Amino acid sequence: MAETGQEEMVSTEASGFSDVSDSEFLEFLDLEDASESGVSLSKPGPSSELSEKDSKPISLQNWKRGLDILSPMEKFHLRYLYVTDLSAQNWCELQMVYGKELPGFLTPEKTDVLDTGASIHLARELELHDLVTVPISTKEDAWAIKFLNILSMIPALQSEGCIREFPVFGEVEGMFLVGVIDELHYTAKGELELVELKTRKRPLLPLKAQKKKDCFQVSLYKYIFDAMVQGKVTPAGLIHHTKLCPEKPLGPSVLRHAQQGGFSVKSLGDLIELVFLSLTLSDLPVIDILKIEYIHQETATVLGTEIIAFEEKELKGKVQHYIAYWMGHREPHGVDVEEAWKCRTCSYTDICEWRKGDGVLSNTTEPQAKKAK
């Protein structure tokens, strides 16, 4: 335990499973700051195993040609997705695709905004526990850290405490999804409330389109968390989708950290058994309330809060639509004509095949994104 008496947690960066749980990416896309361009969203992360020879961008001109050959999951070497991959589709699916194909395209201004948002999240997390960094060398070690974090937070939830950065995972409409919930705590009435922190560069609430994206994100977190505590997520499903090796011994650093936490384990399989047993026996409730809190980055003042109504049927319909792209069942879509204003601040406007084709993908030369200024 930390000398301060606070609970220790392994940093999500160390675990390799830090989901983008903030809205800084879409901060750039709001018309409140139309002078800035957009940002590529996702890089191949822990869910991918992209070799150097396959790391070059894949031109969207080859999409139709390769539609019946490789799905995006195969093309990007992915085994699962992040919740934020799907919420990025909620804003503009084609922008998300360009972000995958042209990774690393981030201006210094946007990097600063993201760093500030991350610092605010970290400060909040450190209010509850210290962070320690544990060296890892395998994907099994990375998942082990994730499971150790979950095991350390379950008792706090059982005692109606407050926890932050809770990892969630599970299968939704056939796709395995991974995410991180900002905060879970109980209200005065004893209801379990999820709070998603969104930081804003300017002291203004976001536009309706971004609120819609944020609503989708927190609803998906609830759906996955509820499935976890209700026993609907299984070890077999986890192993099937992630291709983890349960029998693989854990690294020495991970083993030491587990022992310090009071867990006697040797392999990832031991931890998987402990996590699912704890989730089953903990009798944790489902999430009752979904709340989004918007905070100004510079002053840390609360700009406003939104209470979200959970609509499962609508959520599942959107997830099915988004996953159809990843499974190769349809082409990626750009924004509708009514939301074409989003293009004003997108980095890929000059090469966007959706715009050039008036709402359909066109065959163009190999795309080259705008250079960062």
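Remember, it's a predicted structure, so these values are computed and weren't measured experimentally.

1. Looking at the overall build of the chain
Move 1: Scanning the chain for helices and strands turns up 13 helices and eight strands.
Move 2: Counting over 373 residues, the chain shows a buried share of 55%.
Move 3: Within the chain, contacts between residues separated by at least 24 positions form 75% of all contacts whose residues are at least 6 apart in sequence.
Move 4: Carbon and sulfur atoms form 52% of the exposed surface of the chain, whose accessible area is close to 16800 Å².

2. A short note on the confidence of the model for the chain
Move 1: Of the residues in the chain, 70% reach a pLDDT of 70 or more, and the chain-wide mean stands at 78.
Move 2: The model gives residues 20-46 a pLDDT under 50, and that stretch makes 113 contacts with residues more than four places away or in other chains.
Move 3: Ignoring residues within four places in sequence, the model shows residues 48-59, a span with pLDDT below 50, making 17 contacts including any to other chains.

3. Regarding the packing of aromatic side chains
Move 1: For the structure on display, the rule yields 14 aromatic pairs.
Move 2: Between W91 and W341, the ring centres sit 6.0 Å apart and the planes meet at 85°, which makes this aromatic pair edge-to-face. Of this pair, W91 sits in helix α5 (residues 83-101) while W341 sits in the loop between α12 (312-326) and α13 (353-356), and the two are 250 residues apart along the sequence.
Move 3: By relative accessible area, W341 is classed as partly exposed at 24%.
Move 4: Seen from their ring centres, F166 and F225 are 5.6 Å apart, and the 70° between their planes marks the pair as edge-to-face. With a gap of 59 residues between them, F166 in strand β4 (residues 163-172) and F225 in helix α8 (residues 208-229) connect regions that are remote in the sequence.
Move 5: Through a chain of ring-to-ring contacts, the aromatic side chains of Y80, Y82, W143, F147, F169, F176 and F276 assemble into a single cluster.
Move 6: Of note, K146 hangs over the ring of W143, and the distance from its end group to the ring centre comes to 5.4 Å.
Move 7: Against the face of F310 rests K222, its NZ or CZ located 5.1 Å from the ring centre.

4. Quick notes on the layout of surface pockets
Move 1: In this model, the second largest pocket occupies a volume close to 350 Å³.
Move 2: Lining the second largest pocket are 16 residues; nearest its centre among them are Q89, N90, Y322, G334 and D336.
Move 3: Of all the secondary structure elements, the ones that give two or more residues to the lining of the second largest pocket are α5 and α12.
Move 4: Examining the composition of the lining of the second largest pocket, we find that five residues originate from one element, α5, more than from any other.
Move 5: Among the residues forming the lining of the second largest pocket, the class breakdown is four nonpolar, five polar and seven charged.

Conventions we followed
Residues numbered from 1 in each chain as written. Predicted model: local features only at pLDDT ≥ 70, side-chain atom pairs only at ≥ 80, totals over all residues. Heavy atoms only, no water. Helix = DSSP H or I, 4+ residues; strand = E, 2+ residues; numbered from the N terminus. Buried < 20%, exposed > 50% of the residue type's maximum accessible area, 1.4 Å probe, protein only. Contact = heavy atoms within 4.5 Å. Areas by Shrake-Rupley, 256 points an atom, 1.4 Å probe, with all protein chains shown as cover. pLDDT = per-residue confidence, 0-100. Phe/Tyr/Trp six-rings, centres within 6.5 Å; stacked < 30°, edge-to-face > 60°. Lys NZ or Arg CZ within 6 Å of the ring centre and 35° of its normal. 1 Å grid on protein atoms, 1.4 Å probe; cavity = no way out; pocket = protein on both sides within 12 Å on 5 of 7 lines; lining within 4 Å. Points joined across faces, edges and corners; volume = space filled by probe spheres on them. Nonpolar A, V, L, I, M, F, W, Y, C, P; charged D, E, K, R; others polar.

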